[in-house]
Amino acid sequence: MAIIGNRSWLIFYITVVTTLLVLVTADNIFLEWQVNIDTTIKPIAVDQPVITINGMFPGPLINATTNDAIHVNVFNNMDEPLLITWNGIQQRLNSWQDGVSGTNCPIQPGSNWTYVFIVKDQIGTFSYFPSINFHKAGGAFGPIRVNNRVVIPIPFPKPYGQFDLLIGDWFDTSFKDVRSHLSKSELDLLPNAMLMNGHSRYPQTNQTIVVEQGETYLIRISNVGTEWSINFRIQNHQMLLVETEGSYTNQIMIDSLDIHVGQSYSVLLTSNQEEADYYIVASPKMVNAPESSNLVGVGVLHYDDSTKPIHGPLPSGPDPFDLSFSVNQAKSIRWNLTAGAARPNPQGTFNVSNVTLSQTFILQGSLSNISRSARYSINNVSYSIPNTALKLADYYNNGTGTYQLDAYSTNSSNPIAIDGTFVVSGTHNGWLEIVFENNLPVIDTWHLDGFGFYVVGFGVGDWAPEMRSSYNLYDPVVRSTVQVYPGAWTAVYVYLDNPGMWNLRSQVLKHWYLGQELYIRVYDPDPNPAKERQPPSNLLYCGMYSVS
């Protein structure tokens, strides 16, 4: 029998015990997804390709509990390569399963690949969607619920029922056509409708939520659109905000809620009005959309014994161009410091009131002209996707020939706009401050795979170090996607405790598609798999490592 040294034996013992604990307290969820193109669904009554999963649009719910292991066998029946990413699922120690071009080689047409990931130490409302080839504009998105373990109470009475609402803008043409326009620097093509769970307002196939009078329901809402922030509201009903992207919030009563591209929220709705039908409305921000427009998403809240049809004007929301409402609401969304979430410890146990920053990134989102083409950029660098997945190249040869680490500045703009494979170093177990500056005339949103953002500050104009005095370091909400208003900045803190190659991107799809992304390489030289997992046995290869 092999003799194991004391330290090696201890690591082996801890690994085995941890594995056994996971097996005892968590489930394995096995899913098989057939991804196809369907031209018969017609969300807005026109012939266009819609990407379905198991014939469904939107795709099926992933309903999991903290620490469950998810196995998703994805069959790509389309005519293009495909990747699915798990928006907000942190992939602890396992960026191999992240489903973006820097971490995974694509699933080729006519083939399949199984993602395996654990929703480690997470709860909350999230979504999934395809990450390459502008596919998100064609569908294949769906909801993710991560429920509390039974041993950890939720910070509100158990709701009578739950609903998932996937809301987002939609084009009246093929995602391939929109992609072609963007590739020709034609940026003025805009969405034509707003969908709720795949239903548009015209023809009359409105999404309906059925409730019983006097009960309270949890509604999980995700903006799965490509371009526009939305304002969400329900006629004659207030909502109690309770959670966003894995964080329980201080509970505030709201009449309407701004939800930016890529963001998710949970609200409690009590059916305390007379038995009737009521409008559910999602209207775009910073867009002129008359009440009768298809750009306004409309659903129905139906009391189950109601005989009164829906009537009256749509409930009004804030002026879509009044950003002060949105900013003030964003500042009011705070972390519930006393609630437990994925762990029994109160969320406030993990705070930023007295952290020491290791790094600061100042990242400016802009529209650039590069080689006579319109490109979106970060610090004047528009991301160029290499043929070889970054994580693959990094594992086998430290990225040589695929990217050059820290070739571009994270604190100032490149003198001229260029294309480049933007990969930067993140200090493992260090605190990173990121300041997002938005030079665009629209609301942008940003997301970092693998981590949560502590949203510490919003401001207008250019950021400067003295702006730190305005930060909220007491109870900033932690979320996975944060908005940045036009001509403004947003500051976040991130604790880089998750080794891997992680995608930082704009969630506005055309910005992302045309280059507004980079990767943060968080490196731990310790080969211990408890620090970062080894490549999966079913690893896909591409680029310089293509298998003939």
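Since the model is a prediction, treat every value here as computed from it, not as a measurement. Each chain has its residues counted from 1, running along the sequence as written. Only residues with pLDDT of at least 70 get local features here, since the model is predicted, and only at 80 or more are side-chain atom pairs given and counted; chain-wide, interface and lining totals rely on the full set of residues. Only hydrogens and water are set aside; all other atoms, that is, all heavy atoms of the structure, feed into the side-chain values.

1. Some points on the overall build of the chain
Turning to step 1, where the next piece is worked out: Scanning the chain from terminus to terminus reveals five helices and 32 strands.
Turning to step 2, where the next piece is worked out: The reference for a compact globule is 2.2 Å times residues^0.38; the radius of gyration itself is calculated from the C-alpha atoms. Taking 24 Å as the expected radius of gyration for a compact globule of 548 residues, we find that the chain reaches 23 Å, a close match to that expectation.
Turning to step 3, where the next piece is worked out: When the backbone C-alpha atoms are referred to their principal axes, the chain occupies close to 75 × 60 × 55 Å.
Turning to step 4, where the next piece is worked out: Buried residues in the chain amount to 58% of all 548 residues.
Turning to step 5, where the next piece is worked out: Summarising the internal contacts of the chain: among those between residues at least 6 apart in sequence, 78% fall at separations of at least 24. Counting from the N terminus, the helices are the DSSP runs of H or I reaching at least four residues and the strands are the DSSP runs of E reaching at least two. Each residue's exposure class comes from its accessible area (1.4 Å probe, protein chains only) as a fraction of the maximum for that residue type: buried when under 20%, exposed when over 50%, partly exposed otherwise. The contact criterion used is simple: two residues touch if any of their non-hydrogen atoms lie within 4.5 Å.

2. With respect to the side chain of Asn498
Turning to step 1, where the next piece is worked out: Position of Asn498 among the secondary structure elements: in the loop between β30 (488-495) and β31 (500-506).
Turning to step 2, where the next piece is worked out: Classification of Asn498 as buried rests on a relative accessible area of 0%.
Turning to step 3, where the next piece is worked out: N or O atoms closer than or at 3.5 Å make up a polar contact, with two conditions inside protein: a donor-capable atom paired with an acceptor-capable one, and, for residues adjacent in sequence, both atoms drawn from side chains. For Asn498, the side chain forms a polar contact with the main-chain nitrogen of Leu93, separated by 2.7 Å.
Turning to step 4, where the next piece is worked out: Within the structure, the side chain of Asn498 is placed 3.1 Å from the backbone oxygen of Gly450, a separation counted as a polar contact.
Turning to step 5, where the next piece is worked out: Sequence-distant contacts of Asn498, defined by excluding residues within four places in its chain, comprise Gln90, Gln91, Arg92, Leu93, Asn94, Gly450, Phe451 and Val522.

3. What to know about the confidence of the model for the chain
Turning to step 1, where the next piece is worked out: The quantity known as pLDDT measures the predictor's confidence residue by residue, on a range of 0 to 100. Residues at a pLDDT of 70 or more form 95% of the chain, whose mean pLDDT is 93.
Turning to step 2, where the next piece is worked out: Overall, residues 1-24 carries pLDDT values under 50, and its contacts beyond four positions in sequence, including any with other chains, amount to four contacts.

4. Focus on the layout of surface pockets
Turning to step 1, where the next piece is worked out: Its boundaries defined by the atoms lining it, the second largest pocket holds a volume of some 460 Å³.
Turning to step 2, where the next piece is worked out: Only protein atoms enter the calculation, which uses a 1 Å grid: trapped sets of points that fit a 1.4 Å probe without letting it out are cavities, open sets showing protein on both sides within 12 Å along at least five of seven lines are pockets, and any residue with an atom within 4 Å of a point is a lining residue. Looking at the second largest pocket, it is lined by 30 residues, and the ones nearest its centre are Ser101, Ser131, Ile132, Asn133 and Ile385.
Turning to step 3, where the next piece is worked out: If you list the elements that add at least two residues to the lining of the second largest pocket, you get α5 (509-513) and β32 (517-522).
Turning to step 4, where the next piece is worked out: The dominant element in the lining of the second largest pocket, judged by the number of residues it contributes, is α5, at three residues.
Turning to step 5, where the next piece is worked out: Three classes are used: nonpolar for Ala, Val, Leu, Ile, Met, Phe, Trp, Tyr, Cys and Pro, charged for Asp, Glu, Lys and Arg, and polar for all others, with Gly counted as polar. Across the lining of the second largest pocket, the residue classes tally to 17 nonpolar, ten polar and three charged. Grid points are joined across faces, edges and corners, and a volume is the space filled by probe spheres set on the points.

5. Quick notes on the pairing of strand β5 (residues 84-87)
Turning to step 1, where the next piece is worked out: Judged by which residues are buried, β5 turns out to be covered on both faces: Ile84 and Trp86 on one side and Thr85 and Asn87 on the other are all buried.
Turning to step 2, where the next piece is worked out: Sheet topology note: the β5/strand β7 (residues 124-130) ladder contains four bridges and is antiparallel. Residue pairing across strands places Asn87 opposite Ser127, the latter belonging to β7. At least two bridges found by DSSP between two strands are what make those strands a pair.

6. A few points about helix α2 (residues 175-183)
Turning to step 1, where the next piece is worked out: Turning to α2, its buried residues are Phe175, Val178, Arg179 and Leu182. Buried positions in α2, seen along its axis, are confined to an arc of 100 degrees and lie on one side of it.
Turning to step 2, where the next piece is worked out: Along its buried surface, α2 packs onto β1 (28-38), β2 (50-53) and α5.
Turning to step 3, where the next piece is worked out: A distance of 2.9 Å separates the backbone nitrogen of Lys176 from a side-chain oxygen at the start of α2, and that oxygen is part of Ser174.
Turning to step 4, where the next piece is worked out: Phi turns positive one or two residues past the end of α2, at Ser185, with a value near 65 degrees. What the arc describes is the spread of directions from the helix axis to the C-beta atoms.

7. Description of the nonpolar core
Turning to step 1, where the next piece is worked out: What makes a nonpolar core is a set of buried Ala, Val, Leu, Ile, Met, Phe, Trp, Tyr and Cys residues whose side-chain atoms join them at distances within 4.5 Å. Judged by nonpolar contacts, the single largest core of 133 residues is most densely connected at Trp86, Tyr115, Phe436 and Phe453.
Turning to step 2, where the next piece is worked out: Here this core takes six residues from β30, the largest share from any one element.
Turning to step 3, where the next piece is worked out: Other than its neighbours up to four places away in sequence, Phe436 contacts Leu363, Trp446, Phe453, Val482, Val484, Ala488, Trp489, Thr490, Val492 and Leu504.
Turning to step 4, where the next piece is worked out: Ile123, Phe156, Val242 and Tyr248 belong to the second largest nonpolar core, which has ten residues in total.

8. A short note on unusual backbone geometry
In most cases, non-glycine residues show a negative phi, while peptide bonds are predominantly trans.
Turning to step 1, where the next piece is worked out: For the bond from Phe57 to Pro58, the omega torsion is -10 degrees, close enough to zero to count as cis.
Turning to step 2, where the next piece is worked out: If you check the backbone angles, Lys42 has positive phi at about 50 degrees while not being a glycine.
Turning to step 3, where the next piece is worked out: Among the structural elements, Lys42 can be located in the loop between β1 and β2.
Turning to step 4, where the next piece is worked out: When its relative accessible area of 37% is taken as the criterion, Lys42 is described as partly exposed.

9. Examining the packing of aromatic side chains
Turning to step 1, where the next piece is worked out: Any pair of Phe, Tyr and Trp rings, taking the six-membered ring for Trp, is counted once the centres come within 6.5 Å. Such a pair is stacked with planes under 30 degrees apart, edge-to-face with planes over 60 apart, and tilted for the rest. Counting across every chain of the model gives 29 aromatic pairs.
Turning to step 2, where the next piece is worked out: Here Phe129 and Trp512 contribute two aromatic rings whose centre-to-centre distance is 6.3 Å and whose plane-to-plane angle is 80 degrees, an arrangement assigned as edge-to-face. Remark: Trp512 occurs in helix α5 and Phe129 occurs in strand β7; sequence separation between them is 383 residues.
Turning to step 3, where the next piece is worked out: The buried category is assigned to Phe129, whose relative accessible area is 1%.
Turning to step 4, where the next piece is worked out: Judged by centre distance (6.4 Å) and plane angle (40 degrees), the rings of Tyr396 and Tyr541 are tilted.

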